[in-house]
Amino acid sequence: MNKIVQVKNVQKSFGNNIALDDISVDFNEGCIHGLLGHNGAGKTTLIRIIGGTYKQDKGEVEVLGLNPTDDGYELRKNIGILSENMSMYDRLSIYDNLIFYGRLYNIEKKELKNRIDSYLKMFQISEFKNKLIKDCSTGIKKKAGIIRAIINEPKLLLLDEASNGLDPISKSEFHELIEELVKIKKISVVLCSHDLEEVKKLCEYITIIKKGKIVYSDNINSLSRNKESIGIVINTIQDLFQLKEQIEEELKKNKVDNIEFDMNSIKMEIDSLNDINSILKIFMEYNFNIVNVEHEIFDLNKLYVDSHREENAI
Ligand SMILES: Nc1ncnc2c1ncn2[C@@H]1O[C@H](COP(=O)(O)OP(=O)(O)OP(=O)(O)O)[C@@H](O)[C@H]1O
């Protein structure tokens, strides 16, 4: 798969504050790549470096084969950016805003009008085209914002918390539009979001950033293929610490991984649910009363939480 964005050993600081600390990540063409991380992790900084708004202090960035700092003009013709606070003129109508932004790209008048009409139709907001932005609902504004971001028919769309503030129905419509753009217009998308459900629904790849460093980056399917259905929690009445070493040794003989003890519960990862009987047998041999056995789904939520544990970064 072709790389649409390549980020190599990028460092960016604001004064003494290191926003990105030697990060390397690639983004594949033709798909949606999610960027996750707590507030202040460095996601927007990365998006802005990719979009050419910020320049990195160290490292290399290539976007669509271009250097965002040196080839800024050429790059801006081929990318679209939509952030949480998209900028559109409040006192202009949706249509006039789109005409204004379209002209910045020197799109020929007739072609621009055709594009605007077809996107208004595709996004089902034609009837609102003469409404002033200040009088539009958040959902309509967001749709207009995406049209503004794609009016130049970009190859790459950077969405920085773009769906914030949308109600569930508008959010779902927003997701459908993004998916349609990827499918029909072959646009590649980098989606920065705090909404794990949104990322799960839309993204083929995910990258988790923590304090300026990448702690996870992979195809979302490999996450479920490798990790799903293997987390087990066994809860007991007795204090497990009494026989911690013996149990641990027995479990390891049964190819159990990532064993975490608590007083009355033990978490572990197993290769297959078929192994569960032999594992329970170990506890019975030590006369532990098992209260229950939970199947812990190792999914994106768990990965995200685990990767943000201070001592346990992945
Ligand atoms: N223009 C700036 N001037 C000074 N510091 C900045 C600037 N932009 C970002 N930072 C700092 O860099 C760090 C990373 O910020 P960034 O906005 O990239 O994080 P983020 O992951 O996008 O956070 P959020 O989810 O809250 O939007 C933070 O500590 C932030 O305060």
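Computed from a predicted model, the values in this text were never measured in an experiment.

K.L.:
How should I be thinking about the sheet that holds strand E2 (residues 17–28) in this particular structure?
P.N.:
Hydrogen bonds between backbone groups are what pair the strands of a sheet, and the pairing can be parallel or antiparallel. With antiparallel pairing, the 3 strands of this open sheet are ordered in space as E2-E1-E4. With partners counted over all chains shown, the strands left at the sheet margins are E2 and strand E4 (58–63), one partner each. Going from strand to strand, the sheet's axes swing by 15° on average, the running direction of each strand aside. When strand E1 (residues 3–14) meets E4, the two strands line up antiparallel, connected through 5 bridges. Paired with Val7 across the strands is Val61, a residue of E4.

K.L.:
Looking at this structure, I do not really get the environment of Ser188. What am I missing?
P.N.:
Mapping Ser188 onto the fold places it in strand E7 (residues 188–192). C-beta crowding within 10 Å serves as the criterion here: with 24 such atoms nearby, Ser188 is assigned to the buried category. Sequence separation between Ser188 and Gly59 is 129 residues; the distance between their C-alpha atoms is 23 Å.

K.L.:
Help me understand the pairing of strand E6 (residues 156–160), please; the structure alone is not making it clear to me.
P.N.:
Note on strand geometry: in a regular strand, side chains alternate between the two faces of the sheet. With respect to burial, E6 is a largely interior element, 5 of its 5 residues being buried. Going residue by residue along E6, you find Leu156, Leu158 and Asp160 tucked away on one face and Leu157 and Leu159 tucked away on the opposite face as well. Summarising the sheet, strand E5 (residues 79–83) and E6 pair through 5 bridges and their orientation is parallel. Bridge pairing in E6 places Gly80 opposite Leu157. Sheet topology places E6 next to E7; 5 bridges connect them, and they run parallel. Of the residues in E7, the one forming a bridge with Leu159 is Leu191. In terms of handedness, the path from E6 via helix H6 (residues 168–184) over to E7 forms a crossover that is right-handed.

K.L.:
What exactly am I supposed to notice about the confidence of the model for the chain here?
P.N.:
In this model, the chain carries a mean pLDDT of 89, and residues with pLDDT of at least 70 account for 95%. For this predicted complex, the interface confidence comes out at an ipTM of 0.97, alongside a pTM of 0.77.

K.L.:
What exactly am I supposed to notice about the site of the ligand here?
P.N.:
Taken together, Phe14, Asn17, Ala19, Gly37, Asn39, Gly40, Ala41, Gly42, Lys43, Thr44 and Thr45 make up the full set of residues near the ligand. Take the shell around the ligand: its biggest share by element is 3 residues, from helix H1 (residues 43–50). Grouping the amino acids of the shell around the ligand by side-chain chemistry returns 3 nonpolar, 7 polar and 1 charged.

Here is what the cut-offs are and how they apply
- Residues numbered from 1 in each chain as written.
- Predicted model: local features only at pLDDT ≥ 70, side-chain atom pairs only at ≥ 80, totals over all residues.
- Pairing = 2+ DSSP bridges.
- Helix = DSSP H or I, 4+ residues; strand = E, 2+ residues; numbered from the N terminus.
- Axes fitted to C-alpha atoms, helices over the stretch in contact; angles between N-to-C directions.
- Buried ≥ 20, exposed ≤ 12 C-beta atoms within 10 Å, placed from the backbone.
- Right-handed = clockwise from strand over helix to strand, strands pointing away.
- pLDDT = per-residue confidence, 0-100.
- Near = placed C-beta within 6 Å.
- Nonpolar A, V, L, I, M, F, W, Y, C, P; charged D, E, K, R; others polar.

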